[in-house]
Amino acid sequence: MIHERELAGLEAGVVGLGLMGSSIAVALTIAGHPVRAVAPLKNELTAARKTIRQLLQHAAGSGLLQHSPEYYLNRMTLSEDFKILKNCSLVQECVVEDKAIKAAVYEKISAHTREQAVISSNTSAIPVSLLQELVPDPGRFLGIHWAEPAYLTRFMEITRGRQTRDSVASWVVDLAHCWGKEPTFLQKDIRGFVTNRLMYAVYRELFTLVAAGETTMEDADKAFRYDAGSWMSFMGLFERMDQLGLEDFLETFSRLFPELGNASEVPEIMQQIVRNKARGTQEARGLYAYTPEGAAAWENAFAEFNKEIYHLADRYQELKNG
Ligand SMILES: NC(=O)c1ccc[n+]([C@@H]2O[C@H](COP(=O)([O-])OP(=O)(O)OC[C@H]3O[C@@H](n4cnc5c(N)ncnc54)[C@H](O)[C@@H]3O)[C@@H](O)[C@H]2O)c1
């Protein structure tokens, strides 16, 4: 078992300083690691430093910091040079979801780290077993899949690839507990891991209903928010079945499962909207219409919501545990 004190002696690297990389760098510095953050793209550093400062301020406002944001920023090294990774025990790759780009980044990470350093990927979709073939020692490679914002969510999926060593996987699971996570450990590298498989089953049903004209996007969103959204942070689905009564569920499964969508094609509505270059709230144009101000307000409100839900879920977990 790793003691949280030990994190100060374990340098952690982050490569790729976009949305998730910046957020993960903040999570690791708050946990106590000296963080070495690499921006692989030219001219990304200034924006990354600004983002990391803002995220630290958000973390401070969420009651997560023991010191000032400046204290954490000063303990972090940001650079375009992979050499800063030389003493890292763990390097988290967070670059775009593109195998060739990840391969080029692993080559640089491997060239600049010690032999025993563990390399992890935040990939959501590329099999870990494929990615681990791109590093010199696949045994010390695995998937660490974070959720956004990385410093304010308990979620973490740790996935071993076919060649990941047991000792490496269990060391990372221990570390994740020190980072304040509730990690799930996947022994086998299945596509989409667990969380994406669950959510994508819901997305498919959503598109099936909307395409058939059974409901609208607005109503489907409302049903999801005000039903599942009212209990999901309190309990999981198996716990929910126990709470509501298993016989009723059995009866509903037998009636409803044959009626659920099972299409394997990408939904036409999504193909159309993406063809029309809509990218979502980031660019104020998505499945819904947004003004730039509305999209920004939406993002700010979500940041506030994250703060509350993080603490709320914790408080009720304690009550549940008696
Ligand atoms: N966005 C999420 O909520 C989320 C959640 C879980 C996992 N992920 C995964 O995390 C990884 C990063 O996602 P993100 O959302 O932070 O992406 P992002 O687009 O915000 O950032 C990607 C970063 O990749 C790097 N990069 C881009 N092009 C590059 C190139 N040609 N060579 C080297 N580096 C390059 C840059 O540092 C860039 O900032 C992806 O594998 C993604 O699937 C994202």
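Residues numbered from 1 in each chain as written. Predicted model: local features only at pLDDT ≥ 70, side-chain atom pairs only at ≥ 80, totals over all residues.

1. Notes on the UniProt feature "domain: 3-hydroxyacyl-CoA dehydrogenase NAD binding" (unreviewed entry) in the protein
The UniProt record annotates "domain: 3-hydroxyacyl-CoA dehydrogenase NAD binding" (unreviewed entry) at residues 12-188. Here residues 12-188 runs as 38% helix and 21% strand, with 25 Å between its end C-alpha atoms. (UniProt positions renumbered as here; feature names shortened; annotations may be inferred. Helix = DSSP H or I, 4+ residues; strand = E, 2+ residues; numbered from the N terminus.)

2. Topic: the pairing of strand β6 (residues 141-146)
Most of β6 is tucked away, with six of its six residues classed as buried. Alternating residues of β6 divide into F141, G143 and H145 and L142, I144 and W146, and every residue in both groups is buried. The pairing of strand β5 (residues 118-121) with β6 spans three bridges and is classified as parallel. Within β6, the position partnered with I119 by the bridge is F141. One ladder, built from five bridges, connects β6 with strand β7 (residues 155-160); its direction is antiparallel. (Buried ≥ 20, exposed ≤ 12 C-beta atoms within 10 Å, placed from the backbone. Pairing = 2+ DSSP bridges.)

3. Quick word on the pairing of strand β8 (residues 182-186)
On a regular strand, one side chain projects to one face of the sheet and the next to the other, so that they alternate. Where β7 and β8 come together, five bridges link them in parallel fashion. Bridge assignment links I158 to a residue of β8, and that residue is F185.

4. So, the sheet that holds strand β1 (residues 11-15)
Taken together, the eight strands give an open sheet; going across it, the order is β3-β2-β1-β4-β5-β6-β7-β8, and neighbouring strands pair in mixed fashion. The two strands at the open ends of the sheet, each matched to only one other strand, are β3 (77-79) and β8. Between one strand and the next, the sheet's axes are offset by a mean angle of 20°, whatever the strand orientation. Here four bridges tie β1 to strand β2 (residues 35-38), and the two strands are oriented parallel to one another. Its bridge partner being in β2, G13 is matched across the sheet by R36. Contacts from helix α6 (residues 166-178) reach β5, β6, β7 and β8 within the one sheet, and its direction differs from that of β7 by about 175°. (Axes fitted to C-alpha atoms, helices over the stretch in contact; angles between N-to-C directions. Contact = placed C-beta atoms within 7 Å.)

5. Notes on helix α2 (residues 45-61)
Here α2 spans 24 Å end to end across 17 residues, near enough to the 24 Å set by a 1.5 Å rise per residue. Buried residues of α2: A48, I52, L55, L56, H58 and A59, and no others. The arc that holds the buried residues of α2, viewed along the axis, is 160°, so those residues lie on one side. The outward face of α2, more than 90 degrees from its buried face, is lined by the exposed residues T46 and K50. Residues of α2 that are buried sit in contact with α1 (19-31), α3 (69-75), β3 and α12 (292-320). Backbone geometry just after α2 places G63 at a positive phi near 75°. (Expected span 1.5 Å × (residues − 1). Arc of directions from axis to C-beta.)

6. Remarks on the site of the ligand
What surrounds the ligand is a group of 21 residues, the closest being G18, L19, M20, P40 and V95. The element that contributes the greatest number of residues to the shell around the ligand is α1, accounting for three residues. Of the residues that constitute the shell around the ligand, the class distribution is 11 nonpolar, seven polar and three charged. (Near = placed C-beta within 6 Å. Nonpolar A, V, L, I, M, F, W, Y, C, P; charged D, E, K, R; others polar.)

7. Structural notes on the UniProt feature "domain: 3-hydroxyacyl-CoA dehydrogenase C-terminal" (unreviewed entry) in the protein
The positions UniProt marks with the feature "domain: 3-hydroxyacyl-CoA dehydrogenase C-terminal" (unreviewed entry) are residues 192-290. The straight-line gap between the two end C-alpha atoms of residues 192-290 is 30 Å; of that span, 55% is helix and 0% is strand.

8. Points about the packing of α1 against α2
The contact between α1 and α2 brings their axes to 9 Å, and the two run at 50°. The orientation of α1 relative to α2 falls into the category oblique. Crossing handedness for the pair α1 and α2: right-handed. Contact residues: S22, S23, A25, V26 and I30 in α1; A48, T51, I52, L55, L56 and A59 in α2. Class assignment of the residues belonging to the contact of α1 with α2 gives a composition of eight nonpolar, three polar and no charged. (Parallel < 35°, antiparallel > 145°, perpendicular 65-115°, else oblique. Left-handed = near helix turned anticlockwise from the far one by under 90°.)

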